[in-house]
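Structural description and commentary
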Amino acid sequence: MLNFEFKNPTKIIFGKGEIKKLSSEIPENSKVLMVYGGGSIKKNGIYDQVKTALSGFDIIEFGGIPANPEYSILLQALEIIKKENISFILAVGGGSVIDGVKFLSSAALFEGEDPWDILAKSIRTTKGLPFGTVLTLPATGSEMNSSSVISRKETRQKLGMGGPGLFPVFSILDPEVVKSIPQRQIANGITDAFTHVLEQYMTYPIGALLQDRFAESIMQTLVEIAPKIISDPSDYDIASEFMWCCTMALNGLIQKGVPGDWAVHAMGHELTALYGIDHARTLAIIAPRHYEYNIETKKEKLAQYAERIWGIQNGSVIEKAKQAIEKTEDFFNSLDIKTRLSEYTDDYKDSGKFIEDSFTKRGLTGIGEHRSLKPSDARKIVEMSY
Ligand code: NZQ
Ligand code: ZN
């Protein structure tokens with residue numbers, strides 16, 4: 001196992017009816033900015049639950065954070081934070097709202113001139129304005145990690161940021177929220193969480209037995225519950241498994257002591273920036289082709305995954321590895337997630353070149369667990385996914 005340090009300060013409050021605990025988690029006398037998305041919380045009762053729980057607090061609301069949180073909209077919220085002396089931010093939503101709030105948390109205390117620098121110059125956030133979350137959509141793990149991804153339409157960019165100052169103080173995870181989530185978003189959540197595990201697992205063996213088994217247990221659970229949660233999102237027990245899998249997939253635990261890949265996400269973010277394709281779907285487009293392209297360096301872990309997740313016992317290492325990739329693609333397809341870029345847009349032909357150029361410009365000249373994939377390799381992988 002590689003050396004590691006692990007600290008995750010986010011308090012998780014998990015279970016039915018727990019949103020009411022908000023009032024005891026937000027510091028007394030806080031001036032709160034409550035941030036949410038396009039309005040789903042007003043239809044499914046979460047808004048009312050939050051407002052009731054916070055009845056004693058001084059709250060200003062900021063709604064309208066879109067999927068793939070948009071920089072120009074976040075700047076409007078930042079202005080309110082500064083003008084109104086907000087002391088605590090509450091995110092009520094999925095990954096987009098939570099990520100947007102992480103940007104706000106960082107930008108509120110940023111001393112530089114242009115807050116875009118936090119993203120463009122990869123400035124790590126060591127201290128942010130405190131914030132908590134009420135998660136409405138299991139998927140990203142943002143509720144228990146310190147990363148964020150922000151989009152800027154004007155420049156067709158989608159960039160990451162993070163740092164130890166960006167963990168939520170608390171996150172409330174009530175699996176009852178799952179029943180109102182549309183199927184498309186549930187499928188996205190399963191795909192995103194599953195790919196998060198793959199990014200931290202599908203590298204090369206280093207003998208981290210426990211870490212491998214943590215990762216495998218999350219994947220096995222997701223495979224087991226996927227058809228059930230798609231057919232009945234109101235099943236509370238299954239929704240609980242789904243929600244906890246998504247959090248555990250990206251709260252830092254399974255990444256400790258092992259190499260990480262994350263090339264699928266790097267390419268996927270570019271596809272969202274170019275075409276607006278849902279985050280999880282970009283991963284399903286890239287992941288199978290990425291594993292095919294890199295099968296030589298990943299074949300041992302692919303074969304282990306074939307055996308342990310998909311029960312494939314026969315064949316050579318390389319044969320098992322190939323079958324594992326097919327099974328992964330079949331799994332995404334079984335969720336009604338398409339795995340070819342041309343199934344999402346007709347305008348795909350220049351995307352390989354665009355991504356090669358974008359990586360070169362950003363200095364992303366070595367990605368993947370060996371930091372050996374060049375922008376020209378990314379182009380080939382994207383072109384294989386057409
Ligand atoms: O905006 P509203 O009206 O609330 O509707 C949302 C949105 O349209 C809807 N929704 C959320 N909860 C709902 C609900 N609809 C009905 N009932 C509910 N309970 O779902 C739609 C999608 O929401 P969004 O927050 O965009 O989805 P997700 O959680 O998948 O987040 C995606 C974003 O997170 C980033 C992605 O890149 C993308 O920008 N990621 C963040 C990560 C992190 N911080 O660690 C890691 C991930 O890899 C990912 O990159
Ligand atoms: Zn993701």
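Use the structure listed above.
Bear in mind that the values here come from a model prediction, so they are computed numbers and not experimental data. (Residues numbered from 1 in each chain as written. Chains lettered and ligands numbered in written order. Predicted model: local features only at pLDDT ≥ 70, side-chain atom pairs only at ≥ 80, totals over all residues.)

**Observations regarding the overall build of the protein chain**
Heads up, the condition is: Counting from the N terminus, the helices are DSSP H or I runs at least four residues long and the strands are E runs at least two residues long. C-alpha atoms define the radius of gyration, and 2.2 Å times the number of residues to the power 0.38 defines the globule rule. Working definition of burial: number of other C-beta atoms within 10 Å of the residue's own, with buried at 20 or more, exposed at 12 or fewer, and partly exposed in between, all C-beta atoms being placed from the backbone. Remark: residues whose backbone-derived C-beta atoms lie within 7 Å of one another are considered to be in contact.
Along its length, the protein chain carries 15 helices and eight strands. Computed over its C-alpha atoms, the radius of gyration of the protein chain comes to 20 Å, within 12% of the 21 Å expected for a compact globule of 386 residues. For the C-alpha atoms alone, the extent of the protein chain along its principal axes is close to 65 × 45 × 45 Å. Here the protein chain holds 386 residues, and the buried ones make up 51% of them. Within the protein chain, contacts between residues at least 6 apart in sequence are counted, and of these 76% link residues at least 24 apart.

**Structural notes on the pairing of strand S7 (residues 157–162)**
Selection rule: A pair of strands is considered paired only if DSSP assigns at least 2 bridges between the two.
Bridge count between strand S6 (residues 147–152) and S7: six bridges; the pairing is antiparallel. Directly across from Ile150, in S7, lies its bridge partner Leu159. From the end of S6 to the start of S7, which pair antiparallel, there are four residues, and Arg156 there has a positive phi angle of about 50°.

**Section: the environment of Lys121**
Take Lys121: it is sitting in the loop between helix H6 (117–120) and strand S5 (131–135). A count of 10 C-beta atoms within 10 Å places Lys121 in the exposed class. The sequence separation of Lys121 and Asn29 amounts to 92 residues, and the corresponding C-alpha distance is 35 Å.

**Some thoughts on the site of ligand 1**
Defined as follows: In this analysis a residue is considered near a molecule or strand if the C-beta atom, reconstructed from its backbone, is found within 6 Å of that molecule or strand. Charged means Asp, Glu, Lys or Arg here, nonpolar means Ala, Val, Leu, Ile, Met, Phe, Trp, Tyr, Cys or Pro, and polar covers whatever is left, Gly included.
Lining the immediate environment of ligand 1, one finds 34 residues, of which Gly37, Gly38, Ala67, Gly94 and Gly95 sit closest. Going through the elements one at a time, helix H2 (40–43), helix H5 (95–109), S6 and helix H7 (183–201) are the ones with two or more residues in the shell around ligand 1. The dominant element in the shell around ligand 1, judged by the number of residues it contributes, is H5, at four residues. Among the residues making up the shell around ligand 1, the classes are represented as ten nonpolar, 22 polar and two charged.

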